[in-house]
Amino acid sequence: PSASSTPVAPTTSTTPDPTAAESPAPEPSSEETPGIVACEAQDVEVTAVTDADTYQAGVLPQLSISLTNRGATDCAIDVGSTTQVLTVSSGSDVWWRSTDCQENPSSMIATLAAGATVTSKVPVTWDRTRSSVETCAQENRARAPGGGASYHVAVEIGGFKGAATKQILLY
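Residues numbered from 1 in each chain as written. Predicted model: local features only at pLDDT ≥ 70, side-chain atom pairs only at ≥ 80, totals over all residues. Heavy atoms only, no water.

What follows covers the overall build of the protein chain. In terms of helices and strands, the protein chain carries zero helices and 13 strands. Listing each helix as α and each strand as β along the protein chain from the N terminus yields β-β-β-β-β-β-β-β-β-β-β-β-β. Burial status across the protein chain gives 39% buried among its 171 residues. Of all intrachain contacts in the protein chain linking residues separated by at least 6 positions in sequence, the fraction that spans at least 24 positions is 72%. (Helix = DSSP H or I, 4+ residues; strand = E, 2+ residues; numbered from the N terminus. Buried < 20%, exposed > 50% of the residue type's maximum accessible area, 1.4 Å probe, protein only. Contact = heavy atoms within 4.5 Å.)

Structural data, given as structure tokens:
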């Protein structure tokens, strides 16, 4: 199985989104959006989001990223899969990283409105296996132990890291 990240799609995007129901607008040039500047670390809060806190045997965790613009002005950020990193660890042992076996990463510059919070449109599924760039083609990668084992999901997007991890338990 291959991992792939999906772009975080804000409610107001400055780039085309092929899955949007409305007709996409062309990406504006910097001359057309003079008030939009790049997001800064102190203004962006990045949070790991999961579809559950515990997962029974055979249930695959769905991982997402949430972004909040704590700043007073709108800002631009690359929310494409090239800038997203979701990491699952148990203690200091990294089990899985979304970028290890990523296929066709892409960029997507979006405007993050002041005060707005957006979350990934489509979550990334962790297949409960260990990943590394050397094992992407292997069909029998090591499976993550369950039985109530604790794992932590860390996220990063656009160079901004989440301040905390999100704990999940596998059974």
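As a further point, take the sheet that holds strand β1 (residues 37–38). The strand order across the open sheet formed by three strands is β1-β5-β8, and the pairing between neighbours is mixed. Strands at the two margins of the open sheet, each flanked by one partner only, are β1 and β8 (109–112). Where β1 lies against strand β5 (residues 75–78), two bridges are found, and the strand directions are parallel. Residue pairing for β5: Ala38 is matched across the bridge by Ala76. (Pairing = 2+ DSSP bridges.)

Quick look at the state of the cysteines now. Enumeration over the complete set of coordinates arrives at two disulfides. There is a disulfide in this structure between Cys39 and Cys75, and the S-S distance comes to 2.0 Å. On the S-S bond that ties Cys39 to Cys75, the torsion sits near 85°, and the link is right-handed. Here the residue Cys39 occupies a position in the loop between β1 and β2 (44–50), and Cys75 occupies one in strand β5, the gap between them amounting to 36 residues. For Cys75, a relative accessible area of 4% puts it in the buried group. (Disulfide = S-S within 2.5 Å.)

Now for the environment of Lys121. Here Lys121 is to be found in the loop between β9 (117–119) and β10 (124–125). Its relative accessible area of 43% is what places Lys121 among the partly exposed residues.

Attention shifts here to the pattern of salt bridges. Opposite charge on two side chains lets them pair, provided their charged atoms get close. According to the stated counting rule, one finds five salt bridges in the structure shown. The salt bridge partner of Glu45 is Arg70, with a shortest N-O separation of 3.0 Å. Residue Glu45 is located in strand β2, and its partner Arg70 is located in the loop between β4 (62–69) and β5; the two are separated by 25 residues in the primary sequence. The partly exposed category is assigned to Glu45, whose relative accessible area is 34%. (Salt bridge = Lys/Arg side-chain N within 4 Å of Asp/Glu carboxyl O.)

Before going further, it helps to spend a moment on the nonpolar core. Counting residues in each nonpolar core, the largest one holds 30 residues, and the members touching the most others are Val46, Leu67, Trp126 and Tyr151. Per-element tally for this core: the top contributor is strand β11 (residues 149–157), with five residues. Ignoring any residue separated from it by four or fewer positions in sequence, one finds Val46 in contact with Ile65, Ser66, Leu67, Val155, Ile157, Phe160, Lys161, Gly162 and Ala163. (Core = buried A, V, L, I, M, F, W, Y, C linked by side-chain atoms within 4.5 Å.)

This part covers the pairing of strand β6 (residues 84–90). Here β6 lies mainly inside the structure; five of its seven residues are buried. The antiparallel pairing of β6 with strand β7 (residues 93–97) creates a hairpin that spans two residues between the two strands, and Gly91 there sits at a positive phi of about 65°.

On to the environment of Thr117. Mapped onto the secondary structure, Thr117 falls in strand β9. Residues Thr117 and Thr68 lie 49 residues apart in sequence; the distance between their C-alpha atoms is 4.2 Å. Not counting the four nearest positions on each side in its chain, Thr117 is found in contact with Ser66, Leu67 and Thr68. A polar side-chain atom of Thr117 sits 2.8 Å from a polar atom in the side chain of Thr68. (Polar contact = N/O pair within 3.5 Å; in protein donor to acceptor, adjacent residues only side chain to side chain.)

With that settled, the discussion passes to unusual backbone geometry. Phi is positive for Asn104, which is not a glycine, with a value near 55°. Of note in the backbone geometry, Arg128 takes a positive phi value of approximately 65° without being a glycine. Assignment of secondary structure puts Arg128 in the loop between β10 and β11.

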